[in-house]
Amino acid sequence: MFTAGAPKCPIRALHPCGTLPADSGPRYRNQPGATGDNEVRLDFITDVRGAGGTTDQHTWGLRRGEAVSVVVQDRPGDGATRVACFTVPFGWVTG
């Protein structure tokens with residue numbers, strides 16, 4: 001169960017969600033091997049009812065077939081635990 005906080009919601013690459021946390025694969029990166037603005041990170045805070053929202057904008061688009069799921073982590077950082085996954089049919093707009 002979530003409590004109010006600031007989970008991270010990175011876009012994952014290559015695979016849809018599966019039964020294991022690692023099934024969704026590594027993070028999607030606009031430039032493989034790079035960090036920072038090369039990732040989509042949807043930071044959000046929930047209220048006591050679990051409602052929250054987020055947006056992220058970049059000058060580049062997701063490459064077709066390389067981003068297929070969104071993973072919610074329990075806290076910021078690379079050592080976070082994956083707690084939820086959503087397979088998403090992203091629209092294919094390139095930047």
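Residues numbered from 1 in each chain as written. Predicted model: local features only at pLDDT ≥ 70, side-chain atom pairs only at ≥ 80, totals over all residues. Heavy atoms only, no water.

**Student:** Would you explain the overall build of the protein chain in this entry?
**Tutor:** Across its full length, the protein chain holds zero helices and three strands. Burial statistics for the protein chain: of 95 residues in total, 33% are counted as buried. For the protein chain, restricting intrachain contacts to residue pairs at least 6 apart in sequence, the fraction spanning at least 24 positions comes to 56%. (Helix = DSSP H or I, 4+ residues; strand = E, 2+ residues; numbered from the N terminus. Buried < 20%, exposed > 50% of the residue type's maximum accessible area, 1.4 Å probe, protein only. Contact = heavy atoms within 4.5 Å.)

**Student:** Please clarify how the pairing of strand β2 (residues 67-73) should be interpreted in this entry.
**Tutor:** A regular strand carries its side chains on alternate faces of the sheet. For β2, a buried count of seven out of seven residues is recorded, marking the element as mostly surrounded by other parts of the structure. Sheet topology note: the β2/strand β3 (residues 82-87) ladder contains five bridges and is antiparallel. When the bridges of β3 are listed, Val71 appears paired with Cys85. (Pairing = 2+ DSSP bridges.)

**Student:** Would you explain the state of the cysteines in this entry?
**Tutor:** Think of a disulfide as a covalent bridge from one cysteine sulfur atom to another cysteine sulfur atom. With the rule as written, the count across this model stands at one disulfide. Each sulfur in the disulfide pair Cys17 and Cys85 lies 1.8 Å from the other. Here Cys17 and Cys85 share a disulfide; its torsion about the S-S bond, -80°, makes the bridge left-handed. Taken together, the residues Cys17 in the loop between β1 (11-13) and β2 and Cys85 in strand β3 connect sequence positions 68 residues apart. Look at Cys17 and you get partly exposed, because its relative accessible area is 23%. Classification of Cys85 by relative accessible area gives partly exposed; the value is 30%. (Disulfide = S-S within 2.5 Å.)

**Student:** Mind showing me how you'd approach the environment of Gly25 here?
**Tutor:** Looking at the secondary structure, you find Gly25 in the loop between β1 and β2. A relative accessible area of 10% means that Gly25 is categorised as buried. As for Gly25 and His15, which are separated by 10 residues in sequence, their C-alpha atoms are 5.9 Å apart.

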